[in-house]
Amino acid sequence: MTQAPPAAALLQGSGLPPATLQALEKYSLPQLQALSLADWQQLGLRDPIRLYRALREVNVPQAADCSPQLTPQPSSGLRTDDDLVDLGDDDDFLTQDLDLEGFADQAFTLSPAQAAPDATAAAAAAGVHLLNSLPDAPKIRVIVRKRPLNKKELEKCETDVLECDSLAACLYVNEPKTKVDLTKYIERHTFRFDDVFDENVDNTQLYNQAVQPLVGTIFRGGKGTCFAYGQTGSGKTYTMSPLPLRAAADMFAIMQQETFANVSLHVSCYEIYGGKVYDLLNGRKKLEVREDGRKRVQVVGLREVGVGSLEVLQQLCDHAAAARSTGSTGANDESSRSHSILCFALRTNNEPPKIIGKLSFIDLAGSERGADTYDNDKQTRLEGAEINKSLLALKECIRALDADARHIPFRGSKLTEVLRDSFVGKNARTVMIANVSPNSGSCEHTLNTLRYADRVKEIRKPGSAPGNPGGAPAAAAPPQPANGFAPEPPQAREPLPPRQAAPQPAPVPVGQQAAAAGVQHIEECMAAVREEMNLLANLDGSSGGGDIERYCSDLSALLAQKQASLSQLQLRLHAFQQLMRTAMNSRA
Ligand SMILES: Nc1ncnc2c1ncn2[C@@H]1O[C@H](COP(=O)(O)OP(=O)(O)OP(=O)(O)O)[C@@H](O)[C@H]1O
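Under an unreviewed UniProt entry, the name given to the chain is Kinesin-like protein, and the organism recorded is Chlorella sorokiniana. UniProt, in the comment section headed Subcellular location (unreviewed entry), describes the chain in these words: "Cytoplasm, Cytoskeleton". Comment text from UniProt for the chain, heading Sequence similarities (unreviewed entry), reads "Belongs to the TRAFAC class myosin-kinesin ATPase superfamily. Kinesin family. KIN-13 subfamily."

### Some points on the pairing of strand E3 (residues 170-178)
Of the pairings in the sheet, the one linking strand E2 (residues 162-165) to E3 comprises 4 bridges and is antiparallel in character. From the neighbouring strand, Asp165 faces E3, where its bridge partner is Cys170. As consecutive antiparallel partners, E2 and E3 are separated by 4 residues, and within that stretch Ala169 has a phi angle of approximately 55°, a positive value. Both E3 and strand E4 (residues 184-192) contribute to a ladder of 9 bridges, which runs antiparallel. Note on E4: the bridge partner recorded for Tyr172 is Thr190. With antiparallel pairing between neighbouring strands as the criterion, E3 and E4 make up a hairpin whose turn holds 5 residues, including Leu182 at a positive phi of roughly 70°.

### Notes on the UniProt feature "binding site: ATP" (unreviewed entry) in the chain
The UniProt record annotates "binding site: ATP" (unreviewed entry) at Gly230, Gln231, Thr232, Gly233, Ser234, Gly235, Lys236 and Thr237. Its place among the elements puts Gly230 in strand E6 (residues 223-230). Owing to 29 C-beta atoms within 10 Å, Gly230 belongs among the buried residues under this scheme. Structurally, Thr232 can be placed in the loop between E6 and helix H10 (236-240). Judged by local crowding, Thr232 falls into the buried class, with 22 C-beta atoms found within 10 Å.

### Considerations on helix H9 (residues 203-219)
Look at H9: 23 Å from first C-alpha to last across 17 residues, which is about the 24 Å you get at 1.5 Å a residue. At Val211, H9 shows its maximal kink, close to 50°; a proline, Pro213, follows between one and four residues later. In terms of burial, H9 is a largely internal element, 12 of the 17 residues being buried. What H9 keeps buried is the set Leu206, Tyr207, Ala210, Val211, Gln212, Pro213, Leu214, Val215, Gly216, Thr217, Ile218 and Phe219. A positive phi of about 85° marks Gly221, the residue just after H9.

### Section: helix H11 (residues 243-254)
Between the first and last C-alpha of H11 there are 17 Å, a value that for 12 residues agrees with the 16 Å anticipated at 1.5 Å per step. Restricting attention to buried positions, one finds in H11 the residues Leu243, Pro244, Ala247, Ala248, Asp250, Met251 and Ile254. What you see down the axis of H11 is that its buried residues fit within an arc of 165°, all on one side.

### Structural notes on the site of the ligand
Residues in contact with the ligand amount to 17 residues; listed here are only the nearest, Arg147, Gly235, Thr237, Tyr238 and Ser336. The element that contributes the greatest number of residues to the shell around the ligand is H10, accounting for 3 residues. Here the shell around the ligand is composed, by residue class, of 2 nonpolar, 12 polar and 3 charged.

### Focus on the sheet that holds E4
In any sheet, the strands associate via hydrogen bonds between backbone groups, in a parallel or an antiparallel arrangement. In space, the 3 strands of this open sheet follow the order E2-E3-E4, with antiparallel pairing throughout. Of all the strands in the sheet, the pair left with one neighbour each is E2 and E4. Averaged over neighbouring strand pairs, the angle between their axes works out to 20° when direction is ignored. The sheet contacts of helix H16 (residues 443-457) involve E3 and E4, and relative to E3 the element is tilted by about 140°.

### A look at the nonpolar core
In this structure, Val144 and Ala453 are the most contacted members of the largest nonpolar core, which totals 97 residues. Among the elements that line this core, the one with the most residues is H9, at 8 residues. Of all hydrophobic cores here, the second largest spans 8 residues; its members include Ala7, Leu11, Leu16 and Leu29.

### Thoughts on unusual backbone geometry
Leave glycine aside and you will find that most residues have negative phi; peptide bonds, for their part, are mostly trans. Going from Glu351 to Pro352, the amide bond is cis rather than trans, its omega being -10°. Turning to its location among the elements, Pro352 is positioned in the loop between strand E12 (338-348) and strand E13 (355-363). A positive phi is found at Ala169, a non-glycine position, where the angle reads about 55°. On the neighbour-count criterion, Ala169 (20 C-beta atoms within 10 Å) is buried. Phi at Leu182 is positive, roughly 70°, even though this residue is not glycine. Here Leu182 lies in the loop between E3 and E4.

### Quick word on the packing of helix H14 (residues 378-402) against H16
Interaxial distance between H14 and H16 falls to 8 Å at its minimum, and their mutual angle equals 30°. With respect to H16, the axis of H14 lies roughly parallel. For the pair H14 and H16, the contacting residues are Lys395, Ile398, Arg399 and Asp402 in the first and Tyr452, Arg455, Val456 and Lys457 in the second. By residue class, the composition of the contact of H14 with H16 is 3 nonpolar, no polar and 5 charged.

### Digging into the environment of Ala8
Assignment of secondary structure puts Ala8 in helix H1 (residues 7-11). Given 19 C-beta atoms within 10 Å, Ala8 falls into the partly exposed group. When the C-alpha atoms of Ala8 and Lys26 are compared, they prove to be 8.4 Å apart, with 18 residues separating the residues in sequence. Setting aside chain neighbours within four positions, we find Ala8 in contact with Leu21, Leu24 and Glu25.

Criteria and thresholds
- Each chain has its residues counted from 1, running along the sequence as written.
- This being a predicted model, a pLDDT of at least 70 is required before a residue's local features are given, and a value of 80 or more before pairs of side-chain atoms are given or counted; all residues contribute to the totals for chains, interfaces and linings.
- UniProt positions are given in the numbering used here, feature names are shortened, and annotations may be inferred rather than shown by experiment.
- Pairing between strands is defined by DSSP: at least two bridges between the two strands are required.
- Under the scheme used here, helices are H or I runs from DSSP no shorter than 4 residues and strands are E runs no shorter than 2 residues, and both carry numbers assigned from the N terminus.
- Counting other C-beta atoms within 10 Å of each residue's C-beta, where C-beta atoms are placed from the backbone, gives the exposure class: buried for 20 or more, exposed for 12 or fewer, partly exposed between.
- The span expected for a helix works out to 1.5 Å for each residue beyond the first.
- Two axes define the bend at a residue: one fitted to the seven residues ending there, one fitted to the seven starting there, and the bend is the angle between them.
- What the arc covers is the set of directions going from the helix axis to the C-beta atoms.
- Residue proximity rests on one test: whether the C-beta atom, placed from the backbone, lies within 6 Å of the molecule or strand.
- All amino acids are sorted into three groups, where Ala, Val, Leu, Ile, Met, Phe, Trp, Tyr, Cys and Pro are nonpolar, Asp, Glu, Lys and Arg are charged, and the leftover types, Gly among them, are polar.
- A fitted line through C-alpha atoms serves as each axis, taken over the contacting stretch for helices, and the angle formed by two N-to-C directions is quoted from 0 to 180°.
- Contact between two residues is assigned when their C-beta atoms, built from the backbone, lie within 7 Å.
- We define the nonpolar core as any set of buried residues of the types Ala, Val, Leu, Ile, Met, Phe, Trp, Tyr and Cys, connected via C-beta atoms lying within 7 Å of each other.
- Here roughly perpendicular refers to angles of 65 to 115 degrees, roughly parallel to angles under 35, roughly antiparallel to angles over 145, and oblique to all remaining angles.

In structure tokens, the structure reads:
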């Protein structure tokens with residue numbers, strides 16, 4: 001313990017209770033500064049929020065010594081001055097509409113100093129150029145990434161069932177099927193997204209094309225969210241893990257310009273596992289999610305760390321990755337069963353600090369859960385049901401956001417609850433990356449992933465460009481940022497055709513088509529039963545009124561789906577009967 005002057009002496013008259021001041025006799029300001037609110041609580045310091053505010057009022061020197069470490073802390077190069085931030089309790093730190101005060105009137109142009117030909121000016125100029133070159137991101141962008149066949153799949157002589165047409169942003173799935181007479185055939189499904197990346201596209205290309213525009217978004221006072229969805233082993237982590245570093249490199253470059261001299265980058269990282277939230281930068285500390293008086297959801301006590309370099313960020317990412325939990329399931333031994341969320345915040349350095357932009361990267365849990373329902377114990381089943389619930393809720397929220405719906409069902413899961421702040425607001429932008437495996441053995445899961453992604457964006461009417469949902473007129477397009485920066489318009493793509501996920505049957509005789517329709521119906525029924533079982537398993541975990549209400553509404557949605565499927569089958573059968581009659585009449 002250091003012999004520096006006790007914090008108590010500097011905090012006399014700050015309004016802190018005598019008991020707290022007495023406890024502070026043991027600590028210096030730098031020591032306190034190096035700890036989080038949670039650490040203070042562990043040290044027995046009462047009322048940490050008041051303490052934090054009192055510390056803000058005194059001229060707190062930079063932390064030179066981080067001695068009383070209670071929890072694992074990434075060490076070298078860390079800026080600890082903002083470790084004390086508690087997103088959950090201080091309103092100054094989270095604003096519904098991000099605060100661009102001080103930036104609002106500034107155009108991103110070179111100052112005379114920046115125009116001077118020295119290294120600093122050149123870096124600043126590069127930052128200006130980079131920001132100006134980033135187009136505004138569309139409101140919701142859905143892309144698909146196919147991974148290559150892996151060694152194991154090649155050894156098993158599995159075929160590649162995916163064909164990508166990147167120019168047309170189309171993906172074709174050649175699904176191997178068996179007819180009722182046991183002959184084999186291929187059913188071809190066509191999907192179209194905002195972008196389709198084949199196995200030759202590397203992480204750099206993916207970042208530049210799909211994710212980098214989000215960096216521009218956050219420097220213009222917006223919020224960016226990028227998440228990866230897909231079955232276990234489809235490449236979510238491979239895709240997501242380099243993105244934060246690449247984004248941070250661009251952020252640091254942009255921050256070289258004078259306009260952002262007073263802005264610094266901060267990161268937090270947490271995991272949602274079984275509906276509970278764990279801090280990945282604070283020894284997997286369990287965190288509570290609460291709604292504050294202004295109905296804003298806060299992750300209380302989440303540790304946020306100032307990041308001054310890519311090296312430090314790399315260390316933090318490694319630390320978080322190691323802390324992320326994996327479980328063993330019947331579906332995959334190394335399956336990741338949690339959602340991990342890494343969140344960047346751009347803050348001003350003045351007091352109180354203001355957030356000017358937020359960027360979140362989410363590596364979702366594996367989307368496949370059917371196998372868990374049968375193969376594993378109750379705990380695993382419950383986890384699977386929780387994951388299903390959150391993925392369903394996520395889809396519904398994005399669909400509602402894209403449709404500018406008045407009610408967004410954020411309360412549907414913990415995941416959507418904590419993401420609410422990232423999704424809402426006129427300058428919120430989302431990129432969904434659907435990862436798919438190419439092997440024939442994964443065909444069913446691949447189709448499920450593509451249908452999920454397709455549903456996320458299906459409600460955009462033909463004629464509406466990405467980011468301009470529902471074919472709304474130009475006046476309803478995302479507004480210009482307040483800072484005067486004029487972004488390039490989102491890249492125009494020809495209007496999306498109506499939903500194309502419905503299987504296109506190969507030209508086979510009418511009788512076989514009818515049988516195939518029957519088989520498809522059986523498969524849909526089985527999927528619905530599995531879904532119902534998941535809902536029930538989930539209900540099993542608790543008997544709260546909210547859960548029962550959710551169960552009823554989920555089940556009711558499922559039943560509606562079943563009814564629609566039955567009606568569709570009846571229509572198809574009727575059409576087949578007509579065709580058969582016509583054929584028989586023409587023969588007679
Ligand atoms: N585009 C790609 N190019 C080359 N290899 C890839 C690609 N995508 C994934 N892989 C490889 O495939 C394997 C599985 O990828 P990854 O771990 O990212 O899957 P995941 O979807 O995150 O799975 P989980 O849900 O279990 O975490 C890894 O060995 C990874 O290196």
